[in-house]
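Take a look at the letters that make up each chain.
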Amino acid sequence: MTTTVLVLNSGSSSVKWAVIDADRGTRVAAGAVDQIGETGSATPDHAAAIAVILAELPAGRIDAVGHRIVHGGMRFSEAVLIDDAVIAAVQQLVPLAPLHNPAGLEGIQAARAALPGIPQVAVFDTAFHATLPPAAYTYAIDTHVAQRFGVRRYGFHGTSYRFVSRVAADFLGRPLDELRLVVLHLGNGASAAAIAGGVSVDTSMGLTPLEGLVMGTRSGDIDPAVIPYLSRVAGMSVDDIDDLLNRRSGLLGLAGHGDLRETVSASERGSAHAALAIEVYVHRLRHYIGAYAAIMGGVDAIVFTGGVGENSALIRSGALETFGFLGVHIDPEANAAVDQNRRAISSSDSTVAVLVIPTDEELEIVRQVADVIG
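Residues numbered from 1 in each chain as written. Predicted model: local features only at pLDDT ≥ 70, side-chain atom pairs only at ≥ 80, totals over all residues. Heavy atoms only, no water.

Caption draft 1: Summary view of the side chain of D21. Among the structural elements, D21 can be located in strand β2 (residues 15-21). In this view, D21 contacts T2, T3, T26 and V28; residues no more than four positions away in its chain are not counted. (Helix = DSSP H or I, 4+ residues; strand = E, 2+ residues; numbered from the N terminus. Contact = heavy atoms within 4.5 Å.)

Caption draft 2: Representation of the nonpolar core in the model. Counting 43 residues, the largest nonpolar core has L184, L186, I302, I315 and L320 as the members making the most contacts within it. Looking at this core, the elements that each hand over two or more residues are β7 (180-186), β8 (190-196), α9 (250-255), α10 (260-268), α11 (272-296), β10 (301-305), α13 (313-320) and β12 (353-356). The residues contacting L320, other than those within four sequence positions of it, are I289, I302, F304, V328, I330 and V354. Counting 29 residues, the second largest nonpolar core, distinct from the first, contains V5, A18, V121 and L355. (Core = buried A, V, L, I, M, F, W, Y, C linked by side-chain atoms within 4.5 Å. Buried < 20%, exposed > 50% of the residue type's maximum accessible area, 1.4 Å probe, protein only.)

Caption draft 3: Layout of the packing of helix α2 (residues 84-92) against helix α3 (residues 101-114). Running from amino to carboxyl end, α2 crosses α3 at an angle of 160°, the nearest separation of the two axes being 10 Å. Classified by the angle their axes make, α2 and α3 are roughly antiparallel. Crossing handedness for the pair α2 and α3: left-handed. Between α2 and α3, the residues in contact are D84, I87, V90 and Q91 and N101, L105, I108, Q109 and R112, respectively. Partitioned by chemical class, the residues of the contact of α2 with α3 number four nonpolar, three polar and two charged. (Axes fitted to C-alpha atoms, helices over the stretch in contact; angles between N-to-C directions. Parallel < 35°, antiparallel > 145°, perpendicular 65-115°, else oblique. Left-handed = near helix turned anticlockwise from the far one by under 90°. Nonpolar A, V, L, I, M, F, W, Y, C, P; charged D, E, K, R; others polar.)

Caption draft 4: Structural context of the sheet that holds β2. In space, the six strands of this open sheet follow the order β3-β2-β1-β4-β6-β5, with mixed pairing throughout. Only two strands of the sheet have a single partner each, and these edge strands are β3 (26-33) and β5 (80-81). (Pairing = 2+ DSSP bridges.)

Caption draft 5: Layout of the pattern of salt bridges. One pass over the full model with this rule turns up 15 salt bridges. Here D360 ties to R27 by a salt bridge, and the two come within 2.9 Å at their closest N and O atoms. Here R27 lies in strand β3 and D360 lies in the loop between β12 and α15 (361-373), a separation of 333 residues in the sequence. Given a relative accessible area of 41%, R27 falls into the partly exposed group. For R61, the salt bridge is made with D63, and the minimal N-O distance between the two is 2.5 Å. Classification of R61 as partly exposed rests on a relative accessible area of 40%. By sharing partners, the salt bridges in this structure join R27, D360 and E362 into a single network. (Salt bridge = Lys/Arg side-chain N within 4 Å of Asp/Glu carboxyl O.)

Caption draft 6: How the structure looks around the environment of V354. Within the fold, V354 resides in strand β12. V354 gets classed as buried once you look at its relative accessible area, which sits at 0%. Between the C-alpha atom of V354 and that of V182, which follows or precedes it by 172 residues, the distance is 9.7 Å. Residues within four places of V354 in sequence aside, it is in contact with I302, F304, L320, V328, I330, R343, A344, I345 and S346.

Printed below as a string of structure tokens:
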């Protein structure tokens, strides 16, 4: 008898779902419900969306439900079976992820109501980074303020990092606990992580997913003084600046296109703004790759994942172009090949493996659900 898990990724206006055979690791079905709560939509709320999903499910039982929850704060360092206490704790963490945790909670409540008696598990994006050492997670601000309000680095994309690091070790035929990996999860949201011995020792996203790399619409690293400066000289409110940094910056702010493919196309047509955007994007990647190699005392493999990481030969080659001094060399042919499988793109003379590994966060969620429910 197989174990079938329904994975739910609830966003503010959409729910992505997949049904996965936990024993075989294969997808039975998948889909998404969009435009939740929007004017004229047939799905006014998440409860209606869950009803649509259940109606679309193939015949057969659901043994468990896994929910992707973005922020677990300091409370959750691993996946947990959902009960009323867990729901209350996730609710308390809403100020840390006001766009994400409320949607996750709505998905949980709707699924519990629709599937009573079915075990439901919360899997947290931040949990993988619970291993960060104090030097990596501590911000240099007043200690009392930081402790009172939970201001520290949490990190995100942890589900992806856990999956990709295991696959990298398997691909290389080496124990994960002896590897030093720099993993770059590059998509509309983008982050980097230093993974030593299978655990996260540093990562680019911080208190929120805004810090770090250049993203589709998010600025990544910026001088904090920009915020009071814009408040004083431009008369912008905190909400205005928050909207600027999260929704009107990154590639969109630099080049007018939040999608890297459109930015590259614009650059090829001669747009100086788009060309600069790509240079800034690549510069930030080099900054983090070099920093993480230094933190770990070297690197055994550099791994690209996410939509951009898996598909953009331009970004991969640009990011690693200056790392010959570390023994990093890419095979141009392998890098340029269109291939959706996990693969090495490093040349035979490279002392550091360079890998492209498609991530599978849904499958990782299923693995963690299986661990929780036994």
